[in-house]
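Residue-level listing of the chains:
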Amino acid sequence: MTGVQTCALPIYYRAPALADLARIAAQAGDLDRAEALARSITEPVWQDPVLAELARAAAQAGEPDRAEALARPITDPNGQAQALTELAQAAAHAGDLDRAEALARTITDQDVRAWTLATQEGDVAIAVARAGDVDRAEALARAITDQDVRAWALAELVGDVARAGHLDRAEALARAITDQDTQARAPINLASIAVEAGDLDRAEDLARAITHPRRKAWALSWLTTAAVEAGDLNR
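Residues numbered from 1 in each chain as written. Predicted model: local features only at pLDDT ≥ 70, side-chain atom pairs only at ≥ 80, totals over all residues. Heavy atoms only, no water.

Engineer: Mind showing me how you'd approach the packing of aromatic side chains here?
Structural biologist: For any pair of aromatic rings, the description rests on two quantities: the centre-to-centre distance and the angle between the ring planes. For the coordinates displayed, the defined rule picks out one aromatic pair. Relative to Trp222, the ring of Trp218 has its centre 6.2 Å away and its plane inclined at 5 degrees; by these criteria the two rings are stacked. Separated by four residues within a single helix, Trp218 and Trp222 lie in helix H14 (residues 213-229), roughly one turn from each other. (Phe/Tyr/Trp six-rings, centres within 6.5 Å; stacked < 30°, edge-to-face > 60°. Helix = DSSP H or I, 4+ residues; strand = E, 2+ residues; numbered from the N terminus.)

Put into structure tokens, the structure is as follows:
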């Protein structure tokens, strides 16, 4: 019945109707029907967004091969790059680093490809740190060539290393961050972790070392509240 209805529509209504039906089928969990409907759309302006959405849904459903097959026919270079980037990130988060790298290397946009590969390097460094190998994680993070991604990866490592009880090393990592805004946030995160660990003295030292006046004032105010909650009324 649905197929008859869409075929009876004027041609300029058919593509959006098929796109809507494909989305409805995907939301209902029927990826087979959703894919069939999406592939029957002949206008790229309607088909591309649906293929990207179905690729994302397939990846979330644990079907990486299908997800990749859905992303490949996307005709818009930016849309395809975005879809492949999302699939590469999903593969990296799932621990399939070979697939993640292979997907990233097929992205035709050079800048997007470089950023995606660098982001994967950051994901790997963070995963290694959380597995307990801080030395290797730090080496991997410092080797990332993209400055923005390196700053992000180091900032993530700062938190992980600090929570593992290595505050001195975490501070050293924070100082290695070259992005000023990211580096400025690091002492606040470290101070928060120090408070969680019950080390209010260190938290205060970290807060007082913040150079940004507004952030420093906020951190000290927050630290005062934390000290009161901890029963340290003299701080």
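Engineer: Can you walk me through helix H8 (residues 110-130) in this structure?
Structural biologist: The α-helix winds at 3.6 residues per turn, so residues separated by three or four positions along the chain end up facing the same way. Relative to the 30 Å expected for 21 residues at 1.5 Å per residue, H8 spans 30 Å between its end C-alpha atoms, a close match to the ideal helical length. Where H8 is buried, its residues meet helix H6 (77-93), helix H7 (97-105), helix H9 (134-142) and helix H10 (147-163). Two to three positions downstream of the cap, the backbone nitrogen of Asp111 sits 3.0 Å from a side-chain oxygen, assigning the N-cap of H8 to Asp109. Trailing H8 by a residue or two, Gly132 shows a phi angle of about 105 degrees, which is positive. (Expected span 1.5 Å × (residues − 1). Contact = heavy atoms within 4.5 Å. Polar contact = N/O pair within 3.5 Å; in protein donor to acceptor, adjacent residues only side chain to side chain.)

Engineer: Looking at this structure, how should I read the packing of helix H3 (residues 31-39) against helix H4 (residues 44-60)?
Structural biologist: Between two packed helices, the angle of one axis relative to the other and the distance separating the axes together describe the packing. It is at 10 Å that the axes of H3 and H4 come closest, and there the two elements cross at 160 degrees. In terms of orientation, H3 lies roughly antiparallel with respect to H4. The handedness of the crossing between H3 and H4 comes out as left-handed. Contact with H3, carried on its side by Leu31, Ala34, Glu35, Ala38 and Arg39, involves Gln47, Val50, Leu51, Leu54, Ala57 and Ala58 of H4 and no other residues of that element. (Axes fitted to C-alpha atoms, helices over the stretch in contact; angles between N-to-C directions. Parallel < 35°, antiparallel > 145°, perpendicular 65-115°, else oblique. Left-handed = near helix turned anticlockwise from the far one by under 90°.)

Engineer: What should I look at first to understand the side chain of Thr119 in this one?
Structural biologist: Tracing the sequence through the fold places Thr119 in helix H8. The buried category is assigned to Thr119, whose relative accessible area is 10%. A polar contact is formed between the side chain of Thr119 and the backbone oxygen of Trp115, at a distance of 2.8 Å. Aside from chain neighbours lying at most four places away, what touches Thr119 is Gln89, Val149 and Trp152. (Buried < 20%, exposed > 50% of the residue type's maximum accessible area, 1.4 Å probe, protein only.)

Engineer: I tried to follow the nonpolar core on my own but got confused; where do I start?
Structural biologist: Among soluble globular proteins, nonpolar side chains are generally buried collectively. The biggest cluster of nonpolar side chains holds 37 residues, and the ones touching the most others in it are Val158 and Leu190. Counting only elements with at least two residues in this core, the list comes to H8, H9, H10, helix H11 (167-175), helix H12 (180-196), helix H13 (200-208) and H14. Element by element, the count of residues in this core is highest for H10, at eight residues. In this structure, Ala15, Ala19, Ala38 and Leu54 belong to the second largest nonpolar core, which totals 27 residues. (Core = buried A, V, L, I, M, F, W, Y, C linked by side-chain atoms within 4.5 Å.)

So far we have only geometry, and geometry alone does not tell us how the molecule works.
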